[in-house]
Every structure is written in structure tokens, then in C-alpha cells.
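Structure assessment
This is what each chain is made of:
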Amino acid sequence: MNAEKRRAIFERLRAANPTPTTELEYGTPFQLLIAVLLSAQATDKSVNLATRPLFARHGTPAALLALGEDGVADAIKTIGLYRTKARNVVATCRILIEQHGGEVPQDRESLEALPGVGRKTANVVLNTAFGQPTIAVDTHIFRVSNRTRIAPGKDVVAVENALLKFVPREFLHDAHHWLILHGRYVCVARKPKCPQCGIADLCEFKDKTPA
Ligand code: SF4
């Protein structure tokens, strides 16, 4: 895909949604961190249902630590892998309090050192809470980047590097959300909605769904 096409795609995505953001509900960087941690292999909707009452009463590292592993597990038991996630949440809260003054660190290394926080979660937090131009490649971004040929790659790291290299700087911060939302609602896994897609004439996917 050439640079003009890529630019045209992001101009269209921006025109359709000028200020994209995550569908996870949060009030602070800490709450976003916890919500993203809980969202592994779960839908944003299911995470929001659990975190809404949880954050209303226990929205800080100290409060979640005080709630304890069993209390957190009980509050998030509608989410997959909730026992492991509860353990990671409480351990993360303890480290934030003991090593970071109760704040979420703003560097990748410290974030990835937190239990249950991998590269993807760190990228989402850096991008969405702290405004850094990172791209967390999830299943949606991976699929859209490869189908369209915006940034093809064999694995998530290759796609992340291709996006960081090829997406024009002015679009880099929001590219993450535009691509996720496009993959979630339009360029869906099984039968992409090509006839309704706003970038179909620019997309280089060979097996587009016919009208
Ligand atoms: S045209 Fe189809 S394959 Fe290409 S981005 Fe749109 S929905 Fe996806």
C-alpha cells in the first residue's frame, strides 16, 4: 500500500470519528489500567458491567488492596479468568503503592513489570491515559492491518512495528482506536462488511465480501 492511500484511509477514519477512545469505562489512569487488565479474553461490555459498581466503591489502589483477592474475585466473577485476574489486580495494587506512590507509572518498563500487564495493556495505558503515540495490536488491529495492507505482518509485534513506521505521525495517537473500532464493527472476522465499509475503495483485501 502506498503512502497516499494510507493517508486517505486515516483521513476518512478521522472524519467519521474525530475523537475516538476506548469503550472501557474509567475515571483515572489507575482504573483504566485495571479495566484493561480485566479485559483480556473478555468483552469491554462485560468488563464495564463489573467495574462500574467496583470502581464506585473501590476505585483506588488502596481500596482494591483492602478489598483483597477474594473480594475482588467476587466483584469480577462474571468475567473470564476472574481468579487469576483478581490475584493480579491485588498484586498490582500492592506494587503501585509500595513502589510508585500509588500512581500508575508512565513508562513501558515499569508497566510491564506489573502482574498481568503485558505489552498490549502497557500500550493501551500509555496511549489512552497518557497520550503517548503507541499502538496496542489486538486481534482486531492485526486483522484490519493485514487485510487492508495498511501494515501487514506475520505477528502482532511485526504489525505494531509496521504501524509505527507507516502511519503518518498526525494519526498515530488515534490510529489505535480507529483500527480497533473498524475491526470490531465493520471489518469483522468472519464476514467483513465490505459493502458498508467507508474505506472499501482504498482497502487492498482480495476477498472482499460482495454487495
Ligand atoms: S473493504 Fe472489507 S476487508 Fe477492507 S477494510 Fe473494509 S470491511 Fe475490511
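Look up: the structure comes first, before these words.
Residues numbered from 1 in each chain as written. Predicted model: local features only at pLDDT ≥ 70, side-chain atom pairs only at ≥ 80, totals over all residues. Heavy atoms only, no water.

As a further point, take the site of the ligand. In the neighbourhood of the ligand, the contacting residues comprise T148, H182, C187, P192, C194, C197, A200, C203, F205 and K208. A class-by-class count of the residues in the shell around the ligand yields 7 nonpolar, 2 polar and 1 charged. (Near = heavy atom within 4 Å. Nonpolar A, V, L, I, M, F, W, Y, C, P; charged D, E, K, R; others polar.)

What follows covers the nonpolar core. L33, L64, V89 and L111 are the most contacted members of the largest nonpolar core, which totals 33 residues. When contributions to this core are tallied by element, the ones reaching two or more residues are helix 2 (29-38), helix 3 (44-58), helix 4 (61-75), helix 5 (82-100) and helix 7 (119-128). When residues of this core are assigned to their parent elements, the largest contribution, 8 residues, is made by helix 2. Among residues more than four places away in sequence, those in contact with L111 are L33, V104, P105, V117, A122, V125 and L126. Counting residues in hydrophobic clusters, the runner-up holds 23 residues, among them I150, L172, W178 and C187. (Core = buried A, V, L, I, M, F, W, Y, C linked by side-chain atoms within 4.5 Å. Buried < 20%, exposed > 50% of the residue type's maximum accessible area, 1.4 Å probe, protein only. Helix = DSSP H or I, 4+ residues; strand = E, 2+ residues; numbered from the N terminus. Contact = heavy atoms within 4.5 Å.)

The next subject is the packing of aromatic side chains. Overall, the coordinates contain 3 aromatic pairs when judged by the stated rule. A network of ring pairs unites the aromatic residues F10, F171 and W178 as a single cluster. Cation over ring: R147 sits above F205, and NZ or CZ is 5.2 Å from the ring centre. (Phe/Tyr/Trp six-rings, centres within 6.5 Å; stacked < 30°, edge-to-face > 60°. Lys NZ or Arg CZ within 6 Å of the ring centre and 35° of its normal.)

This part is about the packing of helix 1 (residues 3-16) against helix 10 (residues 169-185). Between helix 1 and helix 10, the shortest axis-to-axis distance is 10 Å and the interhelical angle comes to 70 degrees. On the basis of their axis angle, the class for helix 1 and helix 10 is roughly perpendicular. Along the contact surface, helix 1 presents R7, F10, E11, L13 and R14, while helix 10 presents E170, F171, A175, W178, L179 and H182. In terms of residue class, the contact of helix 1 with helix 10 is built from 6 nonpolar, 1 polar and 4 charged. (Axes fitted to C-alpha atoms, helices over the stretch in contact; angles between N-to-C directions. Parallel < 35°, antiparallel > 145°, perpendicular 65-115°, else oblique.)

Backbone geometry at L81 places phi at a positive 60 degrees, although glycine is not the residue there. Considering the arrangement of structural elements, one finds L81 in the loop between helix 4 and helix 5. With relative accessibility at 49%, the residue L81 sits in the partly exposed group. A positive phi angle, near 75 degrees, is found at R149, a position not held by glycine. Looking at the secondary structure, you find R149 in the loop between helix 8 (139-148) and helix 9 (156-166).

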